[in-house]
Amino acid sequence: MEKIEKHINDNRNNFIEELKKFLEIPSISTNPENKGDVKKCAEYVKDELKNIGLENVKVYETPGHPIVYGEWLKAGKDKPTVLVYGHYDVQPVDPIELWTDPPFQPTIKGENIYARGSADDKGQVFIHMKSIQSHMLINKSLPINIKFLIEGEEEIGSVNLDKFIDDNKELLKCDYVVVSDTAMFDHDVPSICYGLRGLAYMQVEVTGPNRDLHSGSFGGAVNNPINALAHIISKLKDDKGKILIDGFYDDVLNLTKKEREEYARLPFDEKKYMKGLETDELFGEEGYTTLERASGRPTLDCNGIWGGFQGDGAKTVLPSKAFAKISMRLVPNQEPEKIEKLFTEYVKKISPKSVKVEVKSLHGGKGAITPIDSPGVNAAVEALKKGFGKSPVFVREGGSIPVVNTFQTLLKSPTILLGFGLPDENAHSPDEHLNLNNFHRGILSIAHYFNELSKIKL
Ligand code: BES
Ligand code: MN
Ligand code: MN
């Protein structure tokens, strides 16, 4: 491993320069006008996988954006096969005016590289590519069998991925799945994530009168859909942060006593957290700590709300329609379809008869808990010790990677979540960036990880 480490250290700056090419492609999966860019990005990933020495590299078309696959299976049957999953698509850039530098012109400032997708998830995918390339250049081989699966629809709910996995179970068969698409707990705190939340994303549309009305002539006589929507939203949660939807908590996997003790041991500074958010008081479900609320408990939040007059000045109008986007983060065991149904029934139940209410489900995904006692996890602990010089912590995260559940159910392979982002790197928001020390240590860690995995007796 010394030669590989030296190669990675010597090429630290080259790897950063190369990463820029990947970050320059505006692969925004949700924007129809970026469809060509997403395709270009898939081609970029394909070329890169070939360049680093993977074989059988293919771009698989789907009804949406392409999936890229590559493999190297010459380590032998007695060595583990690892499937590396990541995504090359990124979130939209709006509000663009809040970016300090253009989102697709990667900019290095201090310890960070700024660009959309730098942390989520291109930078982390690149970590795996450069680790593989370093092994290949030094040893002309890899210590384990590798399969690489990089998709282009993660940020829009991985619409076509489950079917691809179901149709290609043999191609994707593996002993472990490794995903780098989460964050470290904090600076200098290497982390292994063992739990992700699920998601149910809804839209509520409220219709009052059949057209916008003069609020002087009609106000007081008909219900206002914005008022009605506000009334509905106010009944979804109580003032102690508890969700009021009937049956919502029925399937919740509660945190164990041991887990809560582990949460309490994490190096978390609540004052600093509040300062970072410029907030004087936190809010969440009564009876739980901030960390538990943000990753181990389910939530309900409005993501957007609109209707009526939005311009400058005043217009006296009683609008015909009002809308809200409402999402619920779920914990393992909660089924998105069931929660969508409970949400819809409850909203209908509490809606005033004086308006029409339509509830749509936009998308959803299951949460996951991954085992923390597998040989694959022990190898990750050793690898992170070598890459970061300290033992990792085990954490649950609040975000969602629905395919992790699919890997567990369809491939029956334990998934290991080794993330190298940081919670304050502005994923999904303006000025997204990735810490370059973590990028470098990530490459070292993953190079070691492949080596540690090769020691596992199958
Ligand atoms: N990388 C994130 C998931 C994530 C975020 C994990 C924070 C851990 C901490 C992923 O790209 C993402 O944004 N997922 C979406 C999923 C959704 C579109 C189904 C999310 O969590 O909102
Ligand atoms: Mn991601
Ligand atoms: Mn994301």
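Here the structure is a predicted model, which is why all the values come from computation and not from measurement.

Here is what the cut-offs are and how they apply
Residues numbered from 1 in each chain as written. Chains lettered and ligands numbered in written order. Predicted model: local features only at pLDDT ≥ 70, side-chain atom pairs only at ≥ 80, totals over all residues. Heavy atoms only, no water. Helix = DSSP H or I, 4+ residues; strand = E, 2+ residues; numbered from the N terminus. Buried < 20%, exposed > 50% of the residue type's maximum accessible area, 1.4 Å probe, protein only. Contact = heavy atoms within 4.5 Å. Near = heavy atom within 4 Å. Polar contact = N/O pair within 3.5 Å; in protein donor to acceptor, adjacent residues only side chain to side chain. Areas by Shrake-Rupley, 256 points an atom, 1.4 Å probe, with all protein chains shown as cover. Nonpolar A, V, L, I, M, F, W, Y, C, P; charged D, E, K, R; others polar. Domains from an automatic or database assignment. Buried area = accessible area lost by both parts, 1.4 Å probe. Salt bridge = Lys/Arg side-chain N within 4 Å of Asp/Glu carboxyl O. Donors = N, O, S within 2.8 Å, 3.2 Å for Na, K, Ca; no water. Tetrahedral: all angles 85-135°; square planar, octahedral: opposite > 155°, others 65-115°. 1 Å grid on protein atoms, 1.4 Å probe; cavity = no way out; pocket = protein on both sides within 12 Å on 5 of 7 lines; lining within 4 Å. Points joined across faces, edges and corners; volume = space filled by probe spheres on them. Pairing = 2+ DSSP bridges. Axes fitted to C-alpha atoms, helices over the stretch in contact; angles between N-to-C directions.

Caption draft 1: Geometry of the side chain of Glu 452. Within the element layout of this structure, Glu 452 appears in helix α14 (residues 436–453). Residue classification places Glu 452 among the buried positions, given a relative accessible area of 8%. When neighbours within four sequence positions are excluded, Glu 452 is seen to be in contact with Ala 379, Glu 382, Ala 383 and Lys 386.

Caption draft 2: Structural detail: the site of ligand 1. By nearness alone, 15 residues border ligand 1, and Glu 154, Asp 181, Arg 329, Ser 400 and His 428 come closest of all. One of the backbone nitrogen or oxygen atoms of Ser 400 is found 2.9 Å away from a nitrogen atom of ligand 1. Note that an oxygen atom of ligand 1 is positioned 2.8 Å from one of the side-chain N or O atoms of His 428. Computed on the free molecule, ligand 1 has an accessible area of 520 Å², of which 86% lies beneath the protein chains in the complex. Across the shell around ligand 1, the residue classes tally to three nonpolar, six polar and six charged.

Caption draft 3: The arrangement of the domain arrangement of the protein chain in detail. Domain parsing of the protein chain yields domain 1 (2–196 + 367–453) and domain 2 (198–249 + 298–362). The straight-line distance from the C-alpha centre of domain 1 to that of domain 2 is 37 Å. Taken together, both faces of the contact between domain 1 and domain 2 bury some 440 Å²; the carbon and sulfur share is 50%. If you sort the residues of domain 1 by the area they bury against domain 2, Gly 367, Arg 396 and Ser 400 come out on top, with a joint share of 65%. Applying the counting rule to domain 1 against domain 2 returns zero salt bridges.

Caption draft 4: Layout of the coordination of the manganese ion (ligand 2). Around the manganese ion (ligand 2), the protein contributes the donor atoms His 87 (NE2), Asp 120 (OD), Asp 181 (OD) and Asp 181 (OD), which lie 2.0 to 2.4 Å from the metal centre. One can describe the site at the manganese ion (ligand 2) as irregular: its six donor atoms subtend angles covering 56 to 166° at the metal. Of note, the manganese ion (ligand 2) draws all its donor residues from one chain, in the sequence arrangement H-x32-D-x60-D. The metal-metal distance between the manganese ion (ligand 2) and the manganese ion (ligand 3) comes to 3.6 Å, with Asp 120 coordinating both. Placement of Asp 120 in the loop between β5 (112–114) and α4 (122–139) and of Asp 181 in the loop between β7 (176–179) and β8 (191–196) is noted, with a sequence separation of 61 residues between them.

Caption draft 5: Quick look at empty space enclosed by the protein. This structure, assessed with the given rule, holds two cavities of 30 Å³ or more. In this model, the largest cavity occupies a volume close to 40 Å³. Grouping the amino acids of the lining of the largest cavity by side-chain chemistry returns four nonpolar, three polar and three charged. Here the residues of the lining of the second largest cavity are counted per class, giving eight nonpolar, two polar and no charged.

Caption draft 6: Seen up close, the coordination of the manganese ion (ligand 3). Those donors, Asp 120 (OD), Glu 155 (OE), Glu 155 (OE) and His 428 (NE2), are the protein atoms that reach the manganese ion (ligand 3), and they lie 2.1 to 2.5 Å from it. Note that the manganese ion (ligand 3) binds six donor atoms; their angles at the metal cover 55 to 156°, and the shape is irregular. Coordination of the manganese ion (ligand 3) draws on donor residues from a single chain, spaced D-x34-E-x272-H in sequence.

Caption draft 7: A look at the pairing of strand β1 (residues 55–60). Where β1 meets strand β2 (residues 67–72), four bridges bridge the pair, whose relative direction is antiparallel. Residue Glu 55 lies in a different strand from β2, and its bridge partner there is Glu 71. From the end of β1 to the start of β2, which pair antiparallel, there are six residues.

Caption draft 8: Looking closely at the sheet that holds strand β4 (residues 107–109). An order of β4-β5-β18 is seen for the three strands of this open sheet, with the pairing classed as antiparallel. Unpaired on one side and paired on the other, β4 and β18 (433–435) mark the two borders of the sheet. Each neighbouring strand pair of the sheet contributes to a mean axis angle of 25°, computed without reference to strand direction. Two strands pair when backbone bridges link them, and β4 and β5 are joined in this way by three bridges, in the antiparallel orientation. Opposite Ile 108, over in β5, you have Ile 113 as the bridge partner. Most of the contacts of α14 go to β18, to which it runs at about 60°, and overall it touches β4, β5 and β18.

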